[in-house]
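Understanding the architecture of this molecule
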Amino acid sequence: MTTQQPIKIGLIGANIHQGWSPRAHLPALAAHPDFDLAGVCTTRQESADEAKAAFNAGSAWDDYNRMLSDADIEAATISLRVPSHYEPTMAALRAGKHTFTEWPLGRTTEEAIEMANVAREQGVKTIVGLQARANPAVAHLKNLIADGYVGRVMTCHVRLMREGVLSRDSGRTWQRDNELGAHTLTIACGHTIDALCSVVGEFAEVSTVVSTQASTWHETDTGNDLPVTSPDNILVSGNLQSGGVASVQIGSTPWAGSGYRMEIYGEEGTLVAVSVDSPQLQSVSIRGARGGSNELQDLTPAEELHLAPEIPSGSPYNVGQLYSRFAASIRGQSNGDALPDFDHAVTLHRFIDAIRQSSDEGQRVTVG
């Protein structure tokens, strides 16, 4: 636990009845010793007051520009629908606030680049919500690879299969529009492939399939059947910069999904990680074998990788882990772990562009 004064932070997008904030950001910040939830903001004063009372925030606002003008607030979190990230993020940056914006950073790569450029100009610390890499198990896998547990990585595979896309209420059917930037390719694939790359390194080139298998969604509260342009199945194969080969399969399927599995095979060992869902959301169990043994043994992340033990388990936990890294960065205490800042977000946006390009052109593409 820190002995320093908590960092005063304001949360934009604090509606406690829907979205990601009540599932993750609000409980994480309310419990985090490194932060003081100094302000919450929604589009209506009534709902902001409700969030303030529920999570013991310092103030409630219905205008994020007014909240950001409060000199006592040092940092801001933007937890809104992807199409709404740009304007409040730019406002936070221009107000000189250290800024945490959910992933995807922007609706487009161009938006992400502009935000990253302004952050650099303003000299503030930034972080994007790629919390899977802060999962203690994923961080442990990264350290095991770096320490030579499997030797040279020869091949690896990650799979995430989720259930349920054919019917949604009208509060979520907006995600059917590919142009709005919030779908299986950007979110489920973005989080999953970022976690893989944090462990084994970046891709050099890819050959991909990006597919929309569910062409309509049923809107449950209106009874309408709506056309879908967002992708729901992604296949990626390619070469890593280190020389190994890798494959990724991400799918949103109508019926029971099989969860998450990452497999890494090297010259000297094997690592396998499994979870009921993405490591951005859930805890992950690890097993490994090395030194001539073909029997996988349970492996436990080192205690020091649990940066936020005070945070509730489930969805808030890995977000809290990311907030611990954010606090260390703001205080100039980063321990060398790569922080997923806005520049990193641009790199991942460009990687997703390369995945799209390869699928659209039907050919292998170099990852920039």
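Reading guide: rules and limits
Residues numbered from 1 in each chain as written. Predicted model: local features only at pLDDT ≥ 70, side-chain atom pairs only at ≥ 80, totals over all residues. Heavy atoms only, no water. Helix = DSSP H or I, 4+ residues; strand = E, 2+ residues; numbered from the N terminus. Rg over C-alpha atoms; globule rule 2.2 N^0.38 Å. Buried < 20%, exposed > 50% of the residue type's maximum accessible area, 1.4 Å probe, protein only. Contact = heavy atoms within 4.5 Å. Areas by Shrake-Rupley, 256 points an atom, 1.4 Å probe, with all protein chains shown as cover. Core = buried A, V, L, I, M, F, W, Y, C linked by side-chain atoms within 4.5 Å. Pairing = 2+ DSSP bridges. Phe/Tyr/Trp six-rings, centres within 6.5 Å; stacked < 30°, edge-to-face > 60°. Lys NZ or Arg CZ within 6 Å of the ring centre and 35° of its normal. Right-handed = clockwise from strand over helix to strand, strands pointing away.

Here we come to the overall build of the protein. Summing up its helical and strand segments, the protein has 9 helices and 18 strands in all. In terms of overall dimensions, the protein is globule-like: its C-alpha atoms have a radius of gyration of 20 Å, near the 21 Å expected for 368 residues. Residues counted as buried form 54% of the 368 residues belonging to the protein. In the protein, once contacts between residues fewer than 6 apart in sequence are set aside, the share between residues at least 24 apart is 71%. If you sum the accessible surface of the protein, you get close to 15,700 Å²; carbon and sulfur atoms cover 45% of it.

Before going further, it helps to spend a moment on the nonpolar core. Ranked by internal contacts, the top residues of the largest apolar core, which has 56 residues, are Phe203, Ile264, Leu271 and Phe351. For this core, the element with the highest residue contribution is helix 7 (residues 185-200), accounting for 9 residues. Dropping the residues within four chain positions of it, Leu271 is found in contact with Leu141, Leu144, Ile145, Tyr149, Val150, Met262, Glu263, Ile264, Ile286, Arg287, Gly288 and Leu299. In this structure, Ala24, Ala60, Ala134 and Phe326 belong to the second largest nonpolar core, which totals 32 residues.

Turning next to the sheet that holds strand 5 (residues 98-101). Strand order across the open sheet formed by 6 strands is 3-2-1-4-5-6, with parallel pairing between neighbours. Two strands close off the open sheet at either side, each with one partner strand: strand 3 (60-61) and strand 6 (126-128). Relative to strand 3, strand 2 (residues 35-41) runs parallel, the two sharing 2 bridges. What sits directly across from Cys41, in strand 3, is Trp61.

Below, the discussion takes up the side chain of His140. Mapped onto the elements of the fold, His140 is located in helix 6 (residues 136-146). Assessed through its relative accessible area of 13%, His140 is described here as buried. Setting aside residues no more than four positions away along its own chain, His140 makes contact with Ile286, Thr300, Pro301, Ala302 and Leu305.

This part is about helix 1 (residues 21-31). Along helix 1, the residues classified as buried are Ser21, Ala24, His25, Leu26, Pro27, Ala28 and Leu29. The inward-facing, buried residues of helix 1 contact strand 1 (7-12), strand 2, helix 2 (45-55), strand 4 (75-78), strand 5 and helix 8 (315-330).

Okay, the sheet that holds strand 11 (residues 224-227) next. Spatially, 8-10-11 is the arrangement adopted by the 3 strands of the open sheet, whose pairing is mixed. The strands lining the two open edges of the sheet, one partner per strand, are strand 8 (167-168) and strand 11. For strand 8 and strand 10 (residues 216-219), the ladder comprises 2 bridges, and the chain directions are parallel. Bridging across to strand 10, Arg168 finds its partner in Glu219.

What follows covers the packing of aromatic side chains. Throughout the structure, instances matching the rule amount to 5 aromatic pairs. Seen from their ring centres, Phe35 and Phe326 are 6.2 Å apart, and the 20° between their planes marks the pair as stacked. Of this pair, Phe35 sits in strand 2 while Phe326 sits in helix 8; the two residues are 291 residues apart in sequence, bridging distant segments of the chain. Since its relative accessible area comes to 5%, Phe35 is described here as buried. Ring geometry for Phe100 versus Tyr323: centroids 4.7 Å apart, planes at 35°, classification tilted. Taken together, the residues Phe100 in strand 5 and Tyr323 in helix 8 connect sequence positions 223 residues apart. Per residue, the accessibility class of Phe100 equals that of Tyr323, and both read buried. Taken together, Phe35, Phe100, Tyr323 and Phe326 form an aromatic cluster joined through their ring pairs. Above the plane of the ring of Trp217 lies Arg168, whose end atom (NZ or CZ) is 4.1 Å from the centre. A cation over a ring is seen here: Arg290 above Tyr149, with NZ or CZ 4.9 Å from the ring centre.

This part takes up the pairing of strand 5. Neither face of strand 5 is open: one carries His98 and Phe100, the other Thr99 and Thr101, and all of them are buried. With 4 bridges joining them, strand 4 and strand 5 adopt parallel strand pairing. Bridge pairing in strand 5 links Ala76 to Thr99. As a crossover connection, the stretch from strand 4 through helix 4 (residues 86-94) into strand 5 is right-handed. With helix 5 (residues 109-122) bridging strand 5 and the parallel strand 6, this β-α-β connection has right-handed handedness.

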